[in-house]
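The chain contents come next:
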Amino acid sequence: RGKVTLSVSMRVYGEGMKLVLSQDITERERADTMRRDFVANVSHELRTPLTVLSGFIETLANLPLTDVERRRVLDLMGQQTQRMQTLVSDLLTLAQLEGSPRPAPDQWVSVGKLLQMAESDARTLSQGKHELSFSSDGPAEVAGAESELLSALTNLVTNAVRYTPQGGRIDVSWKMRPNGSGEFLIRDTGIGIEKEHIPRLTERFYRVDGSRSRETGGTGLGLSIVKHVVQRHSGELDVQSEPGKGSQFRFVLPPLRVRAAAQRDAG
Ligand code: ADP
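If you're wondering where the values come from, they're calculated on a predicted model, not measured in any experiment.

**Student:** Got a minute to help me understand the packing of helix α2 (residues 67-99) against helix α6 (residues 222-232) in this structure?
**Tutor:** Relative placement of two packed helices is described by the angle separating their axes and the distance separating the axes. Where α2 contacts α6, the axes come no closer than 10 Å and their chain directions differ by 25°. As the angle between them shows, α2 and α6 are arranged roughly parallel. In this structure, the crossing between α2 and α6 has a hand that is left-handed. Mapping the contact onto sequence places Asp90, Thr93, Leu94, Leu97 and Glu98 in α2 and Ser224, Ile225, His228, Val229 and Arg232 in α6. When the residues that make up the contact of α2 with α6 are grouped by side-chain class, the tally is 4 nonpolar, 3 polar and 3 charged.

Okay, structure coming up:
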């Protein structure tokens, strides 16, 4: 009797082990695949501008160009260099977000200041081609890391500008909700996003339309950065969109990280 019991329990135990082990391997395989994809993506994203740059260097070295032509080539080289700088800076931001502890909810950041800084970036990018509106239902503060929150908000707002044709409208607002949470709402009247892409938007380098994203200076990392920042602040990100009509991104922060602030003179 004793022997039978033992063999049964050993078998069960053995299967349990096998199950855990194979789950572990699948998890590791997935992580490996993701890492390989990531390195391949980064290499590709960096190689493209480098190829263009070396072509231009050859042009400058070998062709007798007029001053105007030389100027044009240098401008294009500047654009490619800028593209690589933005990519490297986004990669560093992601690496920092993944490698550092969550920001404690004891640093309070002014929502007004975040909105102001995001607005300034949006206006620079839009160059007067869109109707932009920034508003808040009252002075408030959110708890977290200022640079991260700003990066998330700026990414959402600059995306709205990037994916909205000239003449479109972008509304950015903050409001406190009755349960004490607060939300940034970023709405645009841009190209919108087909439903099937929405769940994948925050994956690194995921783009609905690669050439449009690159043309407008996108790295494909923006929403991945946003996702990390939102998670690190115990928040939620909600995306709604209608192709051809526009998109709406909602960044909600929990009550613990939101408080009304006293009205102060901006001076
Ligand atoms: P990118 O640098 O390419 O903008 P993101 O990670 O910020 O990368 O966004 C991923 C993709 O999601 C974009 O390439 C674009 O296709 C889509 N997207 C993001 N924001 C918007 C928006 N407001 N309207 C339409 N499409 C958007």
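Back to the text.
**Student:** Please explain the environment of Lys245 as it appears in this structure.
**Tutor:** By secondary structure assignment, the location of Lys245 is in the loop between β6 (236-242) and β7 (246-253). Residues Lys245 and Thr189, spaced 56 residues apart in sequence, show a C-alpha to C-alpha distance of 5.6 Å. Discounting residues that sit within four places of it in the chain, Lys245 has contacts with Asp188, Thr189 and Gly190.

**Student:** Explain the nonpolar core here, please?
**Tutor:** As a rule of thumb, nonpolar side chains are buried together in soluble globular proteins. Ranked by size, the top nonpolar core spans 42 residues in total, and within it Val142, Trp174 and Phe184 carry the most contacts. At 8 residues, the largest contribution of residues to this core is made by helix α4 (residues 146-162). With residues up to four places along the chain from it excluded, the contact list for Phe184 reads Val111, Leu114, Leu115, Leu153, Ser173, Trp174, Phe249, Arg250, Phe251 and Leu253. Core analysis: the second largest hydrophobic core is formed by 6 residues, Leu53, Phe56, Met77 and Met84 among them.

**Student:** What is the right way to look at unusual backbone geometry in this model?
**Tutor:** A negative phi angle is the norm for most residues apart from glycine, just as the trans form is the norm for most peptide bonds. For Gln127, which is not a glycine, the phi torsion comes out positive at approximately 50°. Here Gln127 is to be found in the loop between α3 (111-126) and β2 (131-136). Phi angles above zero are rare outside glycine, and Phe205 is one such case at about 65°. As for its placement among the helices and strands, Phe205 is situated in the loop between β5 (182-188) and α5 (210-215).

**Student:** Hey, could you run me through the site of the ligand in this one?
**Tutor:** In the neighbourhood of the ligand, 21 residues make up the surrounding shell, with Tyr163, Ser213, Thr219, Gly220 and Leu223 lying closest. Take Asn159: an N or O atom from its side chain is 2.8 Å from an oxygen atom of the ligand. Residue Leu223 places a main-chain N or O atom 2.8 Å away from an oxygen atom belonging to the ligand. Protein coverage of the free-state accessible area of the ligand, which is 530 Å², stands at 98%. Listed by contribution, the elements that provide at least two residues to the shell around the ligand are α4, α6 and β7. By residue number, the principal contributor to the shell around the ligand is α4, which donates 3 residues. Split by residue class, the shell around the ligand holds 10 nonpolar, 8 polar and 3 charged.

**Student:** Would you take a moment to explain the side chain of Arg162 for this structure?
**Tutor:** Note that Arg162 resides in helix α4. Within the local environment of Arg162, its side chain forms a polar contact with the backbone oxygen of Thr216, the two atoms lying 2.9 Å apart.

**Student:** Help me understand the side chain of Thr154, please; the structure alone is not making it clear to me.
**Tutor:** Within the secondary structure, Thr154 sits in helix α4. With residues up to four places along the chain from it excluded, the contact list for Thr154 reads Ala118 and Asp121.

**Student:** Sorry, what's going on with the sheet that holds strand β8 (residues 258-260) here?
**Tutor:** Each strand in a sheet pairs with its neighbour through backbone hydrogen bonds, running either in the same direction (parallel) or in the opposite one (antiparallel). Here 3 strands make up an open sheet; going across it, the order is β1-β3-β8 and the pairing antiparallel. Looking at the sheet topology across the chains shown, the edges are occupied by β1 (108-110) and β8. Shown here is a sheet whose adjacent strand axes are inclined to one another by a mean of 30°, direction ignored. One ladder, built from 3 bridges, connects strand β3 (residues 140-143) with β8; its direction is antiparallel. Across the sheet, Glu141 pairs through a bridge with Arg259, a residue of β8. This element, α3, spans β1 and β3 of the sheet and lies at about 50° to β1.

Analysis parameters
- Residues numbered from 1 in each chain as written.
- Predicted model: local features only at pLDDT ≥ 70, side-chain atom pairs only at ≥ 80, totals over all residues.
- Heavy atoms only, no water.
- Axes fitted to C-alpha atoms, helices over the stretch in contact; angles between N-to-C directions.
- Helix = DSSP H or I, 4+ residues; strand = E, 2+ residues; numbered from the N terminus.
- Parallel < 35°, antiparallel > 145°, perpendicular 65-115°, else oblique.
- Left-handed = near helix turned anticlockwise from the far one by under 90°.
- Contact = heavy atoms within 4.5 Å.
- Nonpolar A, V, L, I, M, F, W, Y, C, P; charged D, E, K, R; others polar.
- Core = buried A, V, L, I, M, F, W, Y, C linked by side-chain atoms within 4.5 Å.
- Buried < 20%, exposed > 50% of the residue type's maximum accessible area, 1.4 Å probe, protein only.
- Near = heavy atom within 4 Å.
- Polar contact = N/O pair within 3.5 Å; in protein donor to acceptor, adjacent residues only side chain to side chain.
- Areas by Shrake-Rupley, 256 points an atom, 1.4 Å probe, with all protein chains shown as cover.
- Pairing = 2+ DSSP bridges.

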